[in-house]
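Structural description and commentary
This is what each chain is made of:
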Amino acid sequence: MIPFVNIHTHNHIDNKEIVSIQNIDIDNIDNVDVSRFYSVGIHPWDVSQQTTVNRQQSPFLETENLKTSEFERSQSRMDAGSQSYKAHSSQPIAHSTNNSQFFRFSDSQIQNISQILSFSGSQFLKAIGECGLDRAGAGRFEIQKDVFKKQIELSEQYSKPLIIHAVRTYPDIIAIRKETKAKQPWIIHGFQGNEKSAEQLLKHDGIYLSLGEILFRNEERARRLLQIIPYDRLFLETDVAERSIIDIYEKTVSLSDVEMEKLRCDIFDNFVKIFGHI
């Protein structure tokens, strides 16, 4: 039987019918069972927390928001998903408004990821992430970009796909993929953008879209997205939700004209194409 694939979850899943990639906090990796598929990276919210910029008071963010294009402003706020993630995420490791101090912290985190990739054989470390960019967060965007690019370098060096968190930053993600000439697959997790955003992203080889909560929170948009996302570029996920990935698959079937067997086969084929046989 073809397994269900949960491409991104923060929860431990023990079910032989499900292949999942669990996101693990780099600073908590010693306390987590890594004998299962997992990903590890520096989340843009952690960048935000550690630079301690107050979003409501920051002239920098006000300026950035004014520069945001109509295309970027059209993206989903993801407020509910953000609150859910924050409730499950770890506390920030360091607090500093000193950029040099932050970059020492950042470099240390990058080195930790690199060491895991180098010395563990990395057989269960399937991807780097979640990492990415978030204009809705409190962090200095240029620092987010620098940290993201360092993780792209690791992705290319060690041939590990990226699992990407992107909020109001789809044009930035595309621009950085062009700039870095990245070849590894990028999976945009928890995609909640509109059809135009999806079409722009899918123009670029190696970018995949993963759907989850949008299937329940915005059925009409989800139905339209399922009409334009090719099944060979699609993943499904639970992220922080307690519901089963099987529920996600069933919801996808109900919102589209695809049969369950084909959906399972297509998404598993995508997994094998990117990560190899399990």
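See the structure shown above.
Thresholds applied
Here, residues in each chain are numbered from 1, in the same order as that chain's written sequence. Since the coordinates come from a predicted model, pLDDT governs what is reported: local features require at least 70, and pairs of side-chain atoms require 80 or more to be given and counted, while whole-chain, interface and lining totals use all residues. Values reported for side chains reflect all heavy atoms of the structure, with hydrogen atoms and water molecules removed beforehand. Each Phe, Tyr or Trp ring, with Trp reduced to its six-membered ring, pairs with another whose centre is within 6.5 Å; inter-plane angles below 30 degrees give stacked pairs, above 60 give edge-to-face pairs, and intermediate values give tilted ones. Definition used: whenever NZ (Lys) or CZ (Arg) falls within 6 Å of the ring centre and also within 35 degrees of the ring normal, the charge is taken to sit over that ring. Numbering of helices and strands runs from the N terminus; a helix is a DSSP stretch of H or I covering at least four residues, while a strand is a stretch of E covering at least two. We call a residue buried when its accessible area falls under 20% of the maximum for its residue type, exposed when it is over 50%, and partly exposed in between, using a 1.4 Å probe and counting protein chains only. To define a nonpolar core, start from buried Ala, Val, Leu, Ile, Met, Phe, Trp, Tyr and Cys residues and group those joined through side-chain atoms within 4.5 Å. Two residues form a contact once any of their heavy atoms are found within 4.5 Å. Angles here are taken between N-to-C directions and fall from 0 to 180 degrees, while the axes themselves are lines fitted to C-alpha atoms, restricted in helices to the stretch in contact. Here roughly perpendicular refers to angles of 65 to 115 degrees, roughly parallel to angles under 35, roughly antiparallel to angles over 145, and oblique to all remaining angles. It is the rotation of the near helix from the far one that decides the hand of a crossing: anticlockwise by less than a right angle makes it left-handed, clockwise makes it right-handed. Any residue that is not Ala, Val, Leu, Ile, Met, Phe, Trp, Tyr, Cys, Pro, Asp, Glu, Lys or Arg is counted as polar, Gly included; the first ten are nonpolar and the last four charged. Think of a salt bridge as a Lys or Arg side-chain nitrogen and an Asp or Glu carboxyl oxygen that are within 4 Å of each other.

Going through the model one piece at a time under the given rule, you end up with seven aromatic pairs. Through a chain of ring-to-ring contacts, three or more aromatic side chains come together here, namely Phe-37, Phe-124, Phe-271 and Phe-275. The ring of Tyr-208 has Arg-233 lying over it, and the distance from NZ or CZ to the ring centre is 6.0 Å.

Now for unusual backbone geometry. Of the consecutive residues Gly-129 and Glu-130, the connecting peptide bond is found in the cis state with omega at 10°. Positionally, Glu-130 belongs in strand S4 (residues 125–134). Even without being a glycine, Ser-159 presents a positive backbone phi close to 55°. By the element assignment, Ser-159 lies in the loop between helix H6 (141–158) and strand S5 (162–167). Judged by its relative accessible area of 47%, Ser-159 is partly exposed. Despite not being glycine, Arg-168 shows a phi value in the positive range, around 55°. Among the structural elements, Arg-168 can be located in the loop between S5 and helix H7 (170–180).

Within the largest apolar cluster, 71 residues are counted, with the highest numbers of intra-cluster contacts made by Phe-148, Trp-186 and Leu-211. When near neighbours in sequence (up to four residues on either side) are disregarded, Phe-148 contacts Cys-131, Gly-132, Leu-133, Leu-162, Ile-164, Ile-173, Ile-176 and Trp-186.

All right, on to the packing of helix H8 (residues 195–202) against helix H10 (residues 219–228) then. When two helices pack together, their arrangement is given by the angle between the helix axes and the distance between those axes. In contact at an axis separation of 10 Å, H8 and H10 are set at 25° when each is read in the N-to-C sense. One element, H8, and the other, H10, form an angle in the roughly parallel class. Taken as a pair, H8 and H10 cross one another with a handedness that is right-handed. Residues Glu-195, Ala-198, Glu-199 and Leu-202 of H8 touch H10, and the partners they reach there are Arg-224, Leu-225 and Ile-228. Its residues placed into classes, the contact of H8 with H10 shows four nonpolar, no polar and three charged.

Here the focus is the pattern of salt bridges. Inspection of the entire model under this criterion finds nine salt bridges. With its nearest N and O atoms 2.9 Å apart, the salt bridge here joins Lys-149 to Glu-179. With Lys-149 in helix H6 and Glu-179 in helix H7, this pair connects stretches of sequence that are 30 residues apart. Put simply, Glu-219 and Lys-251 hold a salt bridge, and the shortest N to O gap is 2.6 Å. Here the residue Glu-219 occupies a position in helix H10, and Lys-251 occupies one in helix H11 (residues 245–255), the gap between them amounting to 32 residues. Accessibility expressed as a relative area gives 18% for Lys-251, which makes it buried.

Of all the residues in H7, the buried ones are Tyr-170, Asp-172, Ile-173, Ile-174, Ile-176 and Arg-177. One or two residues past the end of H7 sits Lys-181, with phi positive at roughly 55°.

Such coordinate-based values are descriptive only and should not be taken to indicate function.
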